[in-house]
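Residues per chain, in single letters:
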Amino acid sequence: MATFFGEVLSVYSRAVEEDEYDDMTNENEEDEQIRREIEEKRSVDVHWLSQTDGGSVPCSDLIIAVGLNATGFISAYVLSSGDWTAVAWVSLWNERSHGSGRPDTAPGPGEPSCVLYQQKHSPSVLICQCSCYVAEDQQFQWTEKVLGCVQTRDLTVTVLSDCSIAEYKTSDYPSESSVPFLRSLRTSTHTGPVASPALEQPNISTGLAAAVLSHCQVQRIAAVLYQCYSDVLQPDSLSMQTYRAAVSAVLKLDPSPSADVLQKITRVSELQSNLYT
Amino acid sequence: MFIASGDAVPSFKGFTLIMPAVSVGNVGQLAVDLLISTLNMPRVGYFHTDCLTPMAGNNPYTDAAQLSTSAEVYSHSDLKLAVLQIRTPIIQTKVRSFRKLMVSWIKSSGFLRSVLLSSSHAYHRDDQQLDGTPLRYLLTPSLQKEAAQRVEELGWREMERISAFPGISDSEQRLYIPGGGVTKAFYTDCCTEDISMAVMLIFCSEGDNIPDAFALVNHLNDWLHLLEKPTQGSVQWRVPPSWRLLFGSGIPPLLF
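About the cut-offs
- Residues numbered from 1 in each chain as written.
- Chains lettered and ligands numbered in written order.
- Predicted model: local features only at pLDDT ≥ 70, side-chain atom pairs only at ≥ 80, totals over all residues.
- Heavy atoms only, no water.
- UniProt positions renumbered as here; feature names shortened; annotations may be inferred.
- Helix = DSSP H or I, 4+ residues; strand = E, 2+ residues; numbered from the N terminus.
- Rg over C-alpha atoms; globule rule 2.2 N^0.38 Å.
- Buried < 20%, exposed > 50% of the residue type's maximum accessible area, 1.4 Å probe, protein only.
- Contact = heavy atoms within 4.5 Å.
- Lys, Arg positive; Asp, Glu negative; His and termini not counted.
- Charge placed at Lys NZ, Arg CZ, Asp CG, Glu CD.
- Pairing = 2+ DSSP bridges.
- Axes fitted to C-alpha atoms, helices over the stretch in contact; angles between N-to-C directions.
- Salt bridge = Lys/Arg side-chain N within 4 Å of Asp/Glu carboxyl O.
- Parallel < 35°, antiparallel > 145°, perpendicular 65-115°, else oblique.
- Left-handed = near helix turned anticlockwise from the far one by under 90°.
- Nonpolar A, V, L, I, M, F, W, Y, C, P; charged D, E, K, R; others polar.
- Polar contact = N/O pair within 3.5 Å; in protein donor to acceptor, adjacent residues only side chain to side chain.
- Core = buried A, V, L, I, M, F, W, Y, C linked by side-chain atoms within 4.5 Å.
- Buried area = accessible area lost by both parts, 1.4 Å probe.
- Expected span 1.5 Å × (residues − 1).
- Arc of directions from axis to C-beta.
- 1 Å grid on protein atoms, 1.4 Å probe; cavity = no way out; pocket = protein on both sides within 12 Å on 5 of 7 lines; lining within 4 Å.
- Points joined across faces, edges and corners; volume = space filled by probe spheres on them.

- In the annotation of an unreviewed UniProt entry, the entry for chain B reads Proteasome assembly chaperone 2, and the organism field reads Onychostoma macrolepis.
- For chain B, the Subcellular location (unreviewed entry) comment in UniProt is given as "Nucleus".
- Looking at the Function (unreviewed entry) heading of the UniProt record, one finds this comment for chain B: "Chaperone protein which promotes assembly of the 20S proteasome as part of a heterodimer with PSMG1. The PSMG1-PSMG2 heterodimer binds to the PSMA5 and PSMA7 proteasome subunits, promotes assembly of the proteasome alpha subunits into the heteroheptameric alpha ring and prevents alpha ring dimerization."

- As annotated in an unreviewed UniProt entry, chain A carries the name Proteasome assembly chaperone 1 and is attributed to Onychostoma macrolepis.
- The UniProt entry for chain A carries this comment under Sequence similarities (unreviewed entry): "Belongs to the PSMG1 family."

### Some thoughts on the overall build of chain B
Argument step 1. Regarding its fold elements, chain B presents six helices and twelve strands.
Argument step 2. For 256 residues, the compact-globule estimate of 2.2 N^0.38 gives 18 Å, and chain B sits close to it at 19 Å.
Argument step 3. When its C-alpha atoms are laid out on the principal axes, chain B stretches across 55 × 55 × 45 Å.
Argument step 4. Burial statistics for chain B: of 256 residues in total, 57% are counted as buried.
Argument step 5. Long-range contacts, defined here as pairs at least 24 residues apart, represent 74% of the contacts in chain B between residues at least 6 apart.
Argument step 6. Charged side chains in chain B number 21 positive and 24 negative. The centres of these two groups are separated by 5 Å.

### Quick notes on the environment of L246(B)
Argument step 1. Inspection of the secondary structure assignment puts L246(B) in the segment after α6 (210-224).
Argument step 2. Residues L246(B) and Q66(B), spaced 180 residues apart in sequence, show a C-alpha to C-alpha distance of 21 Å.

### So, the sheet that holds strand β3 (residues 84-91) of chain A
Residues and elements named next belong to chain A.
Argument step 1. In spatial order, the strands read β1-β3-β4-β5-β2-β6-β9-β7; together these eight strands make up an open sheet with mixed pairing. With partners counted over all chains shown, the strands left at the sheet margins are β1 (45-48) and β7 (181-186), one partner each. Between one strand axis and the next, the sheet turns through 20° on average, direction left out of account.
Argument step 2. Direction of pairing for β1 relative to β3: antiparallel, over a ladder of four bridges. From the neighbouring strand, W48 faces β3, where its bridge partner is A88.

### Focus: the pattern of salt bridges
Argument step 1. Here the structure, examined in full by the defined rule, presents 17 salt bridges over all chains.
Argument step 2. Taking the shortest distance from any N to any O, the salt bridge between D189(B) and R99(B) comes out at 2.8 Å. Remark: R99(B) occurs in helix α2 (residues 95-109) and D189(B) occurs in helix α5 (residues 183-192); sequence separation between them is 90 residues.
Argument step 3. Overall, the relative accessible area of 9% leaves R99(B) in the buried class.
Argument step 4. Shared partners join several salt bridges into a network, and the residues in it are R42(A), E95(A) and D137(A).

### Observations regarding the packing of α2(B) against α5(B)
All names here are of chain B.
Argument step 1. Put simply, α2 and α5 touch, their axes get as near as 10 Å, and they point 40° apart. In terms of axis orientation, α2 runs oblique to α5. As for how α2 packs across α5, the hand of that crossing is right-handed. Contacts between α2 and α5 involve R99, M102, V103 and I106 from the first element and A185, F186 and D189 from the second.
Argument step 2. Residue composition of the contact of α2 with α5, by class: five nonpolar, no polar and two charged.

### Quick word on the side chain of T88(B)
All names here are of chain B.
Argument step 1. Here T88 lies in the loop between β7 (81-86) and α2.
Argument step 2. One polar contact links the side chain of T88 to the main-chain carbonyl oxygen of T53, over a distance of 2.8 Å.
Argument step 3. Ignoring anything within four residues of it in the chain, the contact list for T88 reads V22, Q29, L52, T53, P54, M55 and S70.

### Describing the nonpolar core
Argument step 1. Judged by nonpolar contacts, the single largest core of 44 residues is most densely connected at L62(A), W142(A) and V157(A).
Argument step 2. Ranked by the residues each element gives to this core, the list is headed by helix α5 (residues 207-218) of chain A, at six residues.
Argument step 3. Filtering out sequence-adjacent residues up to four positions away, V157(A) remains in contact with L62(A), I64(A), L147(A), V212(A), C216(A), I221(A), A222(A), A223(A) and V224(A).
Argument step 4. Counting residues in each nonpolar core, the second largest holds 40 residues, with V44(B), A82(B), F186(B) and Y187(B) among its members.

### A look at the interface of chain B and chain A
Argument step 1. Listed per partner, the contact involves 48 residues of chain B and 44 residues of chain A.
Argument step 2. The contact between chain B and chain A buries some 4000 Å² in all, and 54% of this surface belongs to carbon and sulfur atoms.
Argument step 3. Contact with chain A buries area across many residues of chain B, yet H48(B), P54(B) and L67(B) alone supply 16% of it, more than any other trio.
Argument step 4. The interface formed by chain B and chain A includes one salt bridge.
Argument step 5. D7(B) is the partner of R220(A) in a salt bridge, and the nearest nitrogen-oxygen pair spans 3.0 Å.
Argument step 6. Scanning the region where chain B abuts chain A turns up twelve residue pairs in polar contact (both at pLDDT 80 or more).
Argument step 7. Where the side of chain B that touches chain A is concerned, the elements lending two or more residues are β1 (2-4), β3 (43-47), β4 (55-58), β5 (67-69) and α2 of chain B.
Argument step 8. The element contributing the most residues to the side of chain B that touches chain A is β4(B), with four residues.

### Focus: α2(B)
Count 3.6 residues to each turn of an α-helix, and residues three or four apart come out pointing the same way.
Residue and element names in this part refer to chain B.
Argument step 1. End to end, α2 covers 21 Å across 15 residues, agreeing with the expected 21 Å (1.5 Å per residue, within 8%).
Argument step 2. Considered for burial, the residues of α2 that qualify are V95, F98, R99, M102, V103, W105, I106 and S109. Buried residues of α2 fall within an arc of 165° about the axis and therefore sit on the same side. Exposed residues lying more than 90 degrees from the buried face of α2 are K100 and S108.
Argument step 3. Looking at the residues trailing α2, positive phi occurs at G110, about 70°.

### Focus: empty space enclosed by the protein
It is the rolling of a water-molecule-sized probe over the atoms that shows where space remains empty.
Residues and elements named next belong to chain A.
Argument step 1. Taken as a whole and judged by the stated rule, the model has three cavities of 30 Å³ or more.
Argument step 2. For the largest cavity, the calculated volume is near 140 Å³.
Argument step 3. With four residues, α5 is the largest single contributor of residues to the lining of the largest cavity.
Argument step 4. Empty space within the second largest cavity amounts to approximately 40 Å³.

Here you go:
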């Protein structure tokens, strides 16, 4: 397809070709079994490291961090204080995250993973740091499983997520000095103060963050999402800073982040640029 | 699964359900947006399912901050009208379970009839379809009795069945809706499940599909009379604020 400017674009349709559906109607027992096995393989499970009685964990605040900046912020500003212990992890398998080889072994340090942490001196606060890719068809299940293991009464969920500024739509072009910035979305039952302006129409949130928020809206759980719009592809300390105000409403943060951890997170991007080294 | 947003569970007995198919140009979804926005319909519930990709945003029909999800149900009790808006694609491996879910919800809610707004690739039209209006309809056998006469009065055209093997044999005719997403399969489901359902579709291409949405929703209004048509001109549909910036942000000032 040629556009107004003459460049050739590959045409794709947002609707799927119907022939694929036709194929699925003549499937036999074997196909069905394969389908079942794939579904089983893609299932999401929460594993507790300590013995629990199987009931849901009492919790007043749950912070879920998704995306490079959000998980980086949690590592550098929150978990580095040493006051946190890992209590559970989420096992999942998909094309982009193969888990930790065996589904019953916990992920090692530095591996992409989903881990739940609990604060030692105030165990009612939980943090879920999700640094692995959760596929579209697993996001709903992930949300049900993770939120299913905490008590939802009087629970407030805070979701930290990030997004590229290229995805942000505004009638006036965003000026460079205003980036990175934070926008929020909250469920109807969330009435507390919010640390940033609301996300304007027609901007939306997608992926795991949206799955969590939708679940909370439907189940009437108070939840707020903070989405950081950044113009840097890799995690950077400036973008991470934007979450400070949002998280300090829930937790007491260290005045200075751990320089070591911060360096480790941001160095990954430095190494890739080796043009002059 | 349907979850009411208020404390009371709404009753849809005797209601007409209008829903879009996620199809080429998203015409059905745009048309449904126009309906909800113009009729100022309140949200009564969510269609919460793992078959759709998740999405969250603020209310698309006003500038007020109120969270909206990937599929929601709106209702207008005076018109006995319920509208399901679907805002995200169906996850490919879950198309079948989505159809099953829809069929069972329609059956259990007691809708009088359902209308599926859809679209199909314009470039797939064959010779007989190229001529005249791009709008087509399909009725399930159980709606045939009630609506067939009315549809004839309106001079609507039924979606043509085309030859399975064109040029070789015309004996085998089949329904072919390329780019229509679940349209054909859902229509077939409704036929076998004895559900009163009409498909209304338009042939279109990807691009600015707003004119197609207006054409489709006007066509629907000719049948259901949801809004009074003025003697001069056509119905004034209200474009929701979320349609702004459909083609991206403002232009960078440094360009000039």
